Amino acid sequence: MPQGDLHTLSRPDRWQRILPFLAVTVLAFAVALLPPAVHPAALIAAVGLTAVLLALVVVVPWSRLPVLLEAGPPLGYFGVVLLLNLGSDGGPAGNGPLALLPVLWLGLYHGRLATAIGVVVMAVVVVAPAALGSQMIRAEWRRGLLLIAMGVIVATAAQSWTRRARTATGELMRATREARRDRDFNQAILDSTGFLVLVVDGDGTVTAFNRRCEELTGRVAADVIGRPYRDLGLSADDGAQLEAALTHALGGSLAVHFPRTAERDWIVPDGRRRIVWSNAAMTGDDGRFTHVICTGIDVTEQRRTERLFADVLRAATEQAIIGVDRAGTVTVFNAGAERLLGYSAAEVVGVTGLQHFHAEPGSLEDVFAPARAGDTEAREGVYRRKDGSWVPVARTVSVIRDESGEVGGYLNVARDITRERRTVEAMRHALDREREATARLRELDKVRADLVATVSHELRTPLTSILGNVEVIVDGDAGPVAAAQARLLAAVERNARRLLALIEDLLMLSRIEAGAVKINARPVQIATVVSGALEALETVRGRRDVELEVDLPSDPLVVFGDRDQLERVVINLLDNALKFTPAGGSARLSADGDGEQVRLTVSDTGMGIPENEIDQIFEQFFRSSRSQEHQSQGTGLGLAITKTIVERHGGRIWATPATGQGTVVTCLLPCRSAVN
């Protein structure tokens, strides 16, 4: 017998065990006052010993002492019995049966050793009257043997009952622990699952409400369990349906009327959640209904996605969306597919395969294989309509995979490209016509360039002769010239030189366009180019009252180009600045570089160029509206030639209005070889 089971006086319920024995003792004290009465001294001693034993029960820390010592107070009680039995003036008072009380206590609450000691002590107490004389032995021996036998029987019976009780108690405790462990295990399973689990009994009262239900509803299981489901207010429809089902169930028609699956809304703090319930009924041994186990899945997001997908399918009327399973059977057929192919969704979904619309050579595997390889590029194909006609489409095929990554089907998105093909065909014809027109324009441009070159060359010779003869006449080599004649000859010479400049520009432009002008590129210093240009413009600068400022850095700036052509660029820019700046104005030329390119800037305070014309000044024969208003002389070819030379050197040139008044022309030239 386990030692832990023998602790009695240290248990919290010890007084519940002591009180019955104490009551018998108090009764014995009362009876001791009846004849033959116990001597007062013996009675007082017995009461005092009882009080001492009770004090020991209260004061002594029995839990810290060996278990066997807890048998001390019961064994001490034999002293009380002895005092009561021998304290009578007329012999034994007949209180010997009280010795059965400590024997019973020891048999019930102590082990075999303590019980055996108790039986021995009881025998001593019973035979103690023999000390009073032989006459007492003859009178009490039968009663003493009977008490000893009764003590042995009581001790044996108490021990046997205690063993059976403790065995039954141990089994009950083990069963209770196992039941509690199973309950906790099942509760842990219910709380850890992602499903909603709700259990109601035959009265519709909630008996289980797992953690997922708590999270979704914001309610605590302790507040829900024990309440009628309908009073929870989660869903009035569910409550009414459940009550009706329970009524049928109690009437014996559970299998017929109880809903096995249902999809309902639950009212939760943040709105409504769509729940799919799977219900199972439990019955007792008599076959009657006891509980309903409801297992639910929150499909709110899934239903929302499905509605969104359905709305997308309905809205995509310009796209034919056809979903198929792995076998090619149609599972989705939207309004765009109905409009394109002439079938209704009811005619094809679950009935027809994609092959029915596939009007191209080859199998569906040829269509699906690129999609499985991750290729979702749109490809052109042909679909067959319900009326038998064919329609060209641009089709994109993508793979639909399940949770495990396996191919579950395919999604075909197609659009009618009939109009696009017509548009492309029309554009192709227009492009062919444009190419023909471009070729003709090139021929005409070549003819124009050849004509300009020829005419310019033919005009150059007689103009040169005219200028030579005019110079001879003006110099007086052909005779004296009157003042009026001199004025007329000066006008002839001036206009002839303008015409010659125009011819020279035309010839230069024709040669550049024809590629006849070669650029002899080599490293050249910008200072040298600017110096040559200033020398060439010396006469022009003298005739015009315009201040010219030249700002060049002290460190040499070197570009890779043709010195003569670059001088022509600077001459044209400076000549325009001087020409279109009125007397008293100023012009400025500056240069700087960053190691990669050199920037030349020519600015003036002249008449300027309107902003809407600034991008046209580099076109051939263009003259701004302001130069025409001021009747400024010019051919409109200088800047066109300048731009061509700069670009052939790999540079850029542009013009911007100057701050306040005038124009700024900027030219960028590369420091390394970039000659075209």
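What counts and what doesn't
- Within any chain, residue numbers begin from 1 and follow the written order of that chain's sequence.
- In keeping with the model being predicted, local features are shown solely for residues with a pLDDT of at least 70 and side-chain atom pairs are shown and tallied solely at 80 or more, while totals for entire chains, interfaces and linings include all residues.
- To get the side-chain values, all heavy atoms of the structure are used, and hydrogens and water are removed first.
- Runs of E in the DSSP output that reach at least two residues are strands. Runs of H or I that reach at least four are helices, and both are numbered from the N terminus.
- Note on exposure labels: buried denotes an accessible area under 20% of the residue type's maximum, exposed denotes more than 50%, and partly exposed covers the range between, all computed with a 1.4 Å probe on protein chains only.
- The contact criterion used is simple: two residues touch if any of their non-hydrogen atoms lie within 4.5 Å.
- Patch building starts from residues that exceed 30% relative accessible area and form no salt bridge, then joins like charges within 9 Å and nonpolar side chains (Val, Leu, Ile, Met, Phe, Trp, Tyr) within 5 Å.
- To measure how exposed things are, a 1.4 Å probe is used in the Shrake-Rupley method; for residues, cover is taken only from the protein chains shown.
- A pairing counts as a salt bridge when a side-chain nitrogen of Lys or Arg comes within 4 Å of a carboxyl oxygen of Asp or Glu.
- Charge assignment in this entry is limited to Lys and Arg as positive and Asp and Glu as negative, and neither His nor the chain termini are counted.
- Charge placement uses NZ in Lys and CZ in Arg. For Asp and Glu, CG and CD serve respectively.
- Buried Ala, Val, Leu, Ile, Met, Phe, Trp, Tyr and Cys residues form a nonpolar core when they are joined through side-chain atoms within 4.5 Å.
- Any two strands with at least two DSSP bridges between them are considered paired.
- What counts as an axis is a line fitted to C-alpha atoms, over the stretch in contact for a helix, and the angles between N-to-C directions run from 0 to 180 degrees.
- When two rings of Phe, Tyr or Trp (its six-membered ring) have centres within 6.5 Å they constitute a pair, described as stacked for plane angles under 30 degrees, edge-to-face for angles over 60, and tilted for the intermediate range.
- Counting of polar contacts relies on pairs of N or O atoms within 3.5 Å, with two restrictions inside protein: one atom must be capable of donating a hydrogen and the other of accepting it, and residues adjacent in sequence are counted only when both atoms are side-chain atoms.
- In this description, one arc is meant: the one made by directions from the helix axis to the C-beta atoms.
- Scored between 0 and 100, pLDDT is the confidence that the predictor attaches to each residue.
- Angle categories: roughly parallel below 35 degrees, roughly antiparallel above 145, roughly perpendicular from 65 to 115, and oblique for all the rest.
- Each residue receives one of three labels: charged for Asp, Glu, Lys and Arg, nonpolar for Ala, Val, Leu, Ile, Met, Phe, Trp, Tyr, Cys and Pro, and polar for the others, Gly being one of them.

### Here we look at the overall build of the chain
Stage number 1. A count of helical and extended segments in the chain gives 21 helices and 17 strands.
Stage number 2. The 676 residues of the chain split such that 37% are buried.
Stage number 3. At a minimum sequence separation of 6, the contacts of the chain that also span at least 24 residues come to 58%.

### Topic: a positive patch on the surface
Stage number 1. Together, Arg174, Arg177, Arg180 and Arg181 give the surface a local cluster of positive charge.
Stage number 2. Within the secondary structure layout, Arg180 lies in helix 6 (residues 134-192).
Stage number 3. Classification of Arg180 as partly exposed rests on a relative accessible area of 40%.

### With respect to the nonpolar core
Stage number 1. Core analysis: the biggest nonpolar cluster contains 39 residues, and Ile526 and Leu574 have the highest contact counts within it.
Stage number 2. The set of elements that each furnish at least two residues to this core consists of helix 17 (526-536), helix 19 (563-579), strand 14 (586-593), strand 15 (597-604), helix 21 (638-648), strand 16 (652-657) and strand 17 (663-670).
Stage number 3. The dominant element in this core, judged by the number of residues it contributes, is helix 19, at seven residues.
Stage number 4. Those residues in contact with Ile526 that sit more than four places away from it in its chain are Leu557, Val559, Ala591, Val598 and Leu600.
Stage number 5. Core analysis: the next-biggest nonpolar cluster, separate from the first, contains 37 residues, Phe21, Phe29, Leu43 and Tyr77 among them.

### Description of the pairing of strand 13 (residues 558-561)
If a strand is regular, its side chains alternate between the two faces of the sheet.
Stage number 1. Along strand 13, the buried face is formed by Val559 and Gly561; none of Val558 and Phe560, which line the opposite face, is buried.
Stage number 2. Pairing analysis gives four bridges linking strand 11 (residues 522-525) to strand 13, with the strands arranged antiparallel. Looking at strand 13, one finds that Gln525 is bridged to Val558.

### Looking at the sheet that holds strand 3 (residues 261-268)
Stage number 1. Strand order in the open sheet made by the five strands is 2-1-5-4-3, with antiparallel pairing throughout. Each edge of the open sheet carries a strand with a single partner, namely strand 2 (206-209) and strand 3. Put simply, the sheet's adjacent strands are angled 30 degrees from each other on average, direction ignored.
Stage number 2. Relative to strand 5 (residues 289-298), strand 4 (residues 271-283) runs antiparallel, the two being bridged by nine bridges. Bridge pairing in strand 5 links Met282 to His291.

### Quick notes on the packing of aromatic side chains
Stage number 1. For the coordinates displayed, the defined rule picks out three aromatic pairs.
Stage number 2. With centroids separated by 5.2 Å and ring planes inclined at 80 degrees, the aromatic side chains of Phe21 and Trp105 adopt a geometry described as edge-to-face. Here Trp105 lies in helix 4 (residues 100-109) and Phe21 lies in helix 1 (residues 14-31), a separation of 84 residues in the sequence.
Stage number 3. Taking the relative accessible area as the measure of exposure, Phe21 reaches 15% and is therefore buried.
Stage number 4. A relative accessible area of 6% means that Trp105 is categorised as buried.

### Things to note about a nonpolar patch on the surface
Stage number 1. Nonpolar side chains collect at one region of the surface, where Trp15, Leu19, Val58 and Val59 lie side by side and expose about 390 Å² of accessible area between them.
Stage number 2. For the nonpolar patch, the elements supplying multiple residues, two or more each, are helix 1 and helix 2 (40-59).
Stage number 3. Topologically, Leu19 is positioned in helix 1.

### What to know about the side chain of Asp575
Stage number 1. On the secondary structure map, Asp575 appears in helix 19.
Stage number 2. Only 3.5 Å separates the side chain of Asp575 from the side chain of Arg544, close enough to count as a polar contact.
Stage number 3. Setting aside its immediate chain neighbours within four residues, Asp575 contacts Leu537, Val540 and Arg544.

### Observations regarding helix 14 (residues 364-372)
Stage number 1. When helix 14 is considered as a whole, its buried residues turn out to be Leu364, Val367, Phe368 and Ala371. An end-on view of helix 14 places all buried positions within 85 degrees of arc, on one side of the element.
Stage number 2. Elements in contact with the buried residues of helix 14: strand 6 (320-325), strand 9 (390-401) and strand 10 (407-416).
Stage number 3. Positive backbone phi, approximately 95 degrees, marks Gly374, located one or two places after helix 14.

### What to know about the sheet that holds strand 9
Stage number 1. What the five strands build is an open sheet, ordered 7-6-10-9-8; its pairing is antiparallel. Edge positions in the sheet fall to strand 7 (330-333) and strand 8 (379-384), since each has one partner strand and no second. The sheet shows a mean angle of 35 degrees between the axes of neighbouring strands, taken without regard to direction.
Stage number 2. Direction of pairing for strand 9 relative to strand 10: antiparallel, over a ladder of nine bridges. In the sheet register, Ser398 faces strand 10, and the bridge partner there is Leu411.
Stage number 3. Relative to the sheet, helix 14 contacts strand 6, strand 8, strand 9 and strand 10, its axis offset from that of strand 9 by approximately 45 degrees.

### Overview of the pairing of strand 14
Stage number 1. As judged from the five bridges shared by strand 12 (residues 547-551) and strand 14, these two strands associate in the parallel manner. Pairing of Glu547 across the sheet is with Ser586, part of strand 14.
Stage number 2. Summarising the sheet, strand 14 and strand 15 pair through seven bridges and their orientation is antiparallel. Residue pairing in the sheet places Ala591 in a bridge with Leu600 of strand 15.
Stage number 3. In sequence, strand 14 turns back onto strand 15 through a hairpin of three residues, with Gly595 there showing a positive phi of about 95 degrees.

### Re the confidence of the model for the chain
Stage number 1. Model confidence for the chain is summarised by a mean pLDDT of 78, while 81% of its residues fall at 70 or above.
Stage number 2. Element-level pLDDT for the chain is lowest in helix 10 (residues 254-257), with a mean of 44, against a maximum mean of 91 in strand 14.
Stage number 3. This stretch, residues 1-5, has a pLDDT under 50; its non-local contacts, to residues over four places away or in other chains, come to five contacts.
Stage number 4. Counted against residues more than four places away or in other chains, residues 249-257, with its pLDDT under 50, gives twelve contacts.

### A look at the side chain of Asp604
Stage number 1. Here Asp604 shows up in strand 15.
Stage number 2. Polar side-chain contacts of Asp604 include one of 2.9 Å to the backbone nitrogen of Gly606.
Stage number 3. For Asp604, the residues in contact, after removing those within four places along its chain, are Ala577, Thr581, Ser586, Ala587, Ala658, Gln661, Gly662 and Thr663.

### Re the packing of helix 2 against helix 3 (residues 72-86)
Stage number 1. Helix 3 packs onto helix 2 with a crossing angle of 170 degrees between their chain directions and a minimal axis gap of 8 Å. Comparing the axis directions of helix 2 and helix 3 gives the class roughly antiparallel. Listed contacts from helix 3 to Ala42, Leu43, Ala45, Ala46, Leu49, Thr50, Leu53 and Val57 of helix 2 are Pro73, Gly76, Tyr77, Gly79, Val80, Leu83 and Leu84.
Stage number 2. Within the contact of helix 2 with helix 3, the residues separate by chemical class into twelve nonpolar, three polar and no charged.

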